[in-house]
Amino acid sequence: MEGAFCLPVVVETPRHAGLDSALSYASQRLLAPGTLVRVPLGKREVAGLVWHQAGSDVSAATELREITEVCDALPPLPRAWCELVAFAAGYYQRGLGEIALSVLPAELRRLGNAAIANRLRRLERRLQRADAATPVAAAAPPALSPAQAEAGERIAEAMAAGEPGTVLLHGVTGSGKTEVYLRAAEQALALGRQALVLVPEINLTPQLVARFVARFPGRAVVDLHSGLTPAARLRHWLMAHMGKADIVLGTRLAVFAPLPRLGLIVVDEEHDPSYKQQEGARYSARDLAVWRGRHENVLVLLGSATPSLETWLNADAGRYRRLELPERIGGAAWPEVRLLDLGKLPKTRGTPAALAPPLVAAIEARIARGEQSLVFLNRRGYAPVLHCGECSWKSGCPHCSAWRVFHKQDRTLRCHHCGLADAVPRRCPDCGNPDIAPIGRGTERLEEQMQALLPGARIARIDADSTRRKGALEAQLGAVHAGEVDVLVGTQLIAKGHDYRRIGLVAAVNPDSSLFSSDFRAPERLFALLMQAAGRAGRDAAQASPSEMWVQTWHPAHPLYAALRQHDFAAFAATQLKERASAGLPPYSHLAVLRAEAKTVAAARGFLVAAAEVAPAAGAGTEVMVYAPVPLGIARVADVERMQMLVESPSRQALQAMLRAWLPLLASLRQERHAPEQRLLRWAVDVDPLTI
Ligand code: ADP
Ligand code: ZN
Ligand code: ZN
């Protein structure tokens, strides 16, 4: 192969395969870094990306396998994109190729150069047709409220500055944050730049896309998420990459959209846990967005009514600029929060009522006035467990350390962890007692109990079970908007994001369990959920009666509920941060978790113990602490035992350095021979884990 070049190419390799950096391939011509290619790997042919050689120059190749195909119909991925991928791989301790290839549309990895060229031609024709269409008039923007105008000015200043930085837009629900995003996007567009807008859930993209399309007719607005068809995903991605899309709206994977003219990044509901990928490369799209903004020198706008404590502390410390939208648009009042002390209710025999009498009366009053109510409970199914009073049998899952949930509608016992579903037994499987009873309450039972408490009311339930069919959620929400429903019952699915117009009352049936959870983030999440839920009430300022939020609780004196009553996020955040500081928890320390899965507890623990033994060699000690292995909250799922080990440091750099040195040691631990049942199935590191 005379005169050939040797080029570094990254490919998607199985995890921990030891192929962490680029492989070398021969090429007849020099290719720009970021060029998509197809290369032989073992017996397969796979997609790869020509990479940047750190330090050394490309040299003449002798015995290398050759690049099979150069997909140069596609312009190379920009350097800034490659750097984002390299940062993510380094920070989250994953393979470069794994991240680089997995964030590309699947079609791109599959297609050859001719097919890609073809797609690009089709896209070009499509865009020409769109250009020829008669433009629609833009929806007239509303006059900004004084707080919005102030925020808009600060954002304009920041965008014009040499280092735009990160802005936290803290605004209660309904305070008009989206309007501020629209104005910021308008500025970016006016400067000839592209705007990237991230949302936590696919469900929320259509309504946001509609708002951007209405505001910017004639501009190309595309969405990017896993719900698109492969062809649409590729098309939208190509529009971003070719600079044809002006606005890209998407879920966490969109943070990796290549955008040659990037001018603004918005992260809506920045506190939402959905921004953290929970498998594979466990990246935080919010954190990567902040890094990307700094790296590409564009403004990052983080919006939330209940910012994450990490973000809040960054604002306190002056690393982010904080802007406030303290009031709801149109002056709608914040719902009155009523704490219903369950301990003070008259004792009843048998199953306690789902809703206490004063709450039932309040809902009846709303119905009488033609208003809607929303009642939520974070547990689906009819009852979390079935129980035999004779022999104390319970509906456990044979494969998981969890109960199987009773679903009355289809009379099944279902495990929400491994999916095992069986018909409900007629008698106790252990003693034959025909009288087995449900314990506790899920949304199905709540719906049934509410039908009894509110005879004649039109009650609808929305949860993951009722919305399994495609389009079901939209249809059900449509019925709510059309006023065909008096009371909406469901899980947190209904408490987030949706713009209801006629809901006057929101009730949380029993949110107490999060107050005393072993997860230190549980209160933060509960507060965010309750604030979100409260934000669903009284969205229409013209509505006659003041809105209200009810919380049924055994702990009405808890400070979290006191802060909720005052709708005082700052007070809540201050107490939480103080607790975190004294306990040495994030954001005052930095965490990583090593998780191991095996058929036996001993095997999972054995791996973690061995990992802990080599940790000092990786620099663990005084600055980086490695804790003892513990089982996960649900230790066994689908016959797999899951253990984890916490690694903690006050210094992010120290933690990163330790992980970098530790992972290669872990990879070699795994090579040691064991009997099959003793073998480890999987292990993974989660950097900045959200649940521990
Ligand atoms: P948030 O994103 O903070 O929850 P939105 O931006 O969705 O709030 O605004 C809530 C409602 O108020 C929306 O219906 C929106 O169209 C409307 N709105 C926002 N800003 C204004 C304004 N300046 N004047 C009138 N209506 C507005
Ligand atoms: Zn029994
Ligand atoms: Zn199970």
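Residues numbered from 1 in each chain as written. Chains lettered and ligands numbered in written order. Predicted model: local features only at pLDDT ≥ 70, side-chain atom pairs only at ≥ 80, totals over all residues. Heavy atoms only, no water.

**Student:** Go over the coordination of the zinc ion (ligand 2), please, and point to the residues and values.
**Tutor:** Coordination of the zinc ion (ligand 2) by the protein comes from Cys 388 (SG), Cys 391 (SG), Cys 428 (SG) and Cys 431 (SG), over a distance range of 2.2 to 2.3 Å. Around the zinc ion (ligand 2), the four donor atoms are arranged such that angles at the metal cover 104 to 114°; this shape is classified as tetrahedral. Read N to C, the donor residues that coordinate the zinc ion (ligand 2) are spaced as C-x2-C-x36-C-x2-C. Within this pair, whereas Cys 388 is found in strand β15 (residues 385-388), its partner Cys 428 is found in the loop between β18 (421-423) and β19 (436-439), the two being separated by 40 residues in sequence. Note on Cys 388: relative accessible area 0%, which makes it buried. Residue classification places Cys 428 among the buried positions, given a relative accessible area of 3%. (Donors = N, O, S within 2.8 Å, 3.2 Å for Na, K, Ca; no water. Tetrahedral: all angles 85-135°; square planar, octahedral: opposite > 155°, others 65-115°. Helix = DSSP H or I, 4+ residues; strand = E, 2+ residues; numbered from the N terminus. Buried < 20%, exposed > 50% of the residue type's maximum accessible area, 1.4 Å probe, protein only.)

**Student:** Summarise the sheet that holds strand β7 (residues 194-198); cite the residues concerned and give the values.
**Tutor:** Strands sit in the order β8-β9-β7-β10-β11-β6-β12 across an open sheet of seven strands; the sheet is parallel. The two strands at the open ends of the sheet, each matched to only one other strand, are β8 (221-224) and β12 (321-325). Averaged over neighbouring strand pairs, the angle between their axes works out to 20° when direction is ignored. In this sheet, strand β10 (residues 262-268) lies alongside β7 in parallel orientation, the contact comprising five bridges. In the strand pairing of β10, Leu 196 is matched with Ile 265. (Pairing = 2+ DSSP bridges. Axes fitted to C-alpha atoms, helices over the stretch in contact; angles between N-to-C directions.)

**Student:** Tell me about the site of ligand 1, and name the residues and values.
**Tutor:** With respect to spatial proximity, 15 residues lie near ligand 1, and among them Ala 143, Gln 148, Gly 174, Lys 177 and Thr 178 are the closest. At 2.9 Å from an oxygen atom of ligand 1 is found a side-chain nitrogen or oxygen belonging to Arg 211. The fraction of the free accessible surface of ligand 1 (560 Å²) that becomes covered by protein chains is 73%. Element by element, the count of residues in the shell around ligand 1 is highest for helix α6 (residues 177-190), at three residues. Classifying every residue of the shell around ligand 1 gives five nonpolar, seven polar and three charged. (Near = heavy atom within 4 Å. Polar contact = N/O pair within 3.5 Å; in protein donor to acceptor, adjacent residues only side chain to side chain. Areas by Shrake-Rupley, 256 points an atom, 1.4 Å probe, with all protein chains shown as cover. Nonpolar A, V, L, I, M, F, W, Y, C, P; charged D, E, K, R; others polar.)

**Student:** Explain the coordination of the zinc ion (ligand 3) to me, and be specific about the residues and the numbers.
**Tutor:** Around a metal, the idealised angle for a tetrahedral arrangement of four donor atoms is 109.5 degrees; for an octahedral arrangement of six donor atoms it is 90 or 180 degrees. Looking at the zinc ion (ligand 3), one finds its protein donor set to be Cys 397 (SG), Cys 400 (SG), Cys 415 (SG) and Cys 418 (SG), positioned 2.3 Å from the metal centre. Geometry at the zinc ion (ligand 3) is tetrahedral, judged from the four donor atoms that bind it and their angles of 107 to 112° at the metal. Here the donor residues of the zinc ion (ligand 3) share one chain and are spaced in sequence as C-x2-C-x14-C-x2-C. Residue Cys 397 is located in the loop between β15 and β16 (405-407), and its partner Cys 418 is located in the loop between β17 (412-414) and β18; the two are separated by 21 residues in the primary sequence. Using a relative accessible area of 6% as the deciding quantity, one classes Cys 397 as buried.

**Student:** Break down the pattern of salt bridges for me, with residues and values.
**Tutor:** In this structure the tally under the stated criterion is 41 salt bridges. One salt bridge connects Arg 682 with Glu 597, and the closest N-O pair in it is separated by 2.8 Å. Separated by 85 residues along the polypeptide, Arg 682 in strand β28 (residues 680-687) and Glu 597 in strand β24 (residues 590-598) bring together distant segments of the chain. On the basis of relative accessibility, which here comes to 21%, the residue Glu 597 falls in the partly exposed class. Where salt bridges share partners, they join Arg 338, Arg 366, Arg 369, Glu 371 and Glu 548 into one cluster. (Salt bridge = Lys/Arg side-chain N within 4 Å of Asp/Glu carboxyl O.)

**Student:** Provide a residue-level description of the packing of aromatic side chains, including the pertinent values.
**Tutor:** Tallied over the entire structure, the rule returns eleven aromatic pairs. Ring-pair connections join several aromatic residues into one group, and the members of that group are Phe 87, Tyr 91, Tyr 92 and Trp 291. The ring of Trp 312 has Arg 322 lying over it, and the distance from NZ or CZ to the ring centre is 4.2 Å. (Phe/Tyr/Trp six-rings, centres within 6.5 Å; stacked < 30°, edge-to-face > 60°. Lys NZ or Arg CZ within 6 Å of the ring centre and 35° of its normal.)

The quantities given are spatial measurements derived from coordinates; they are silent on function.
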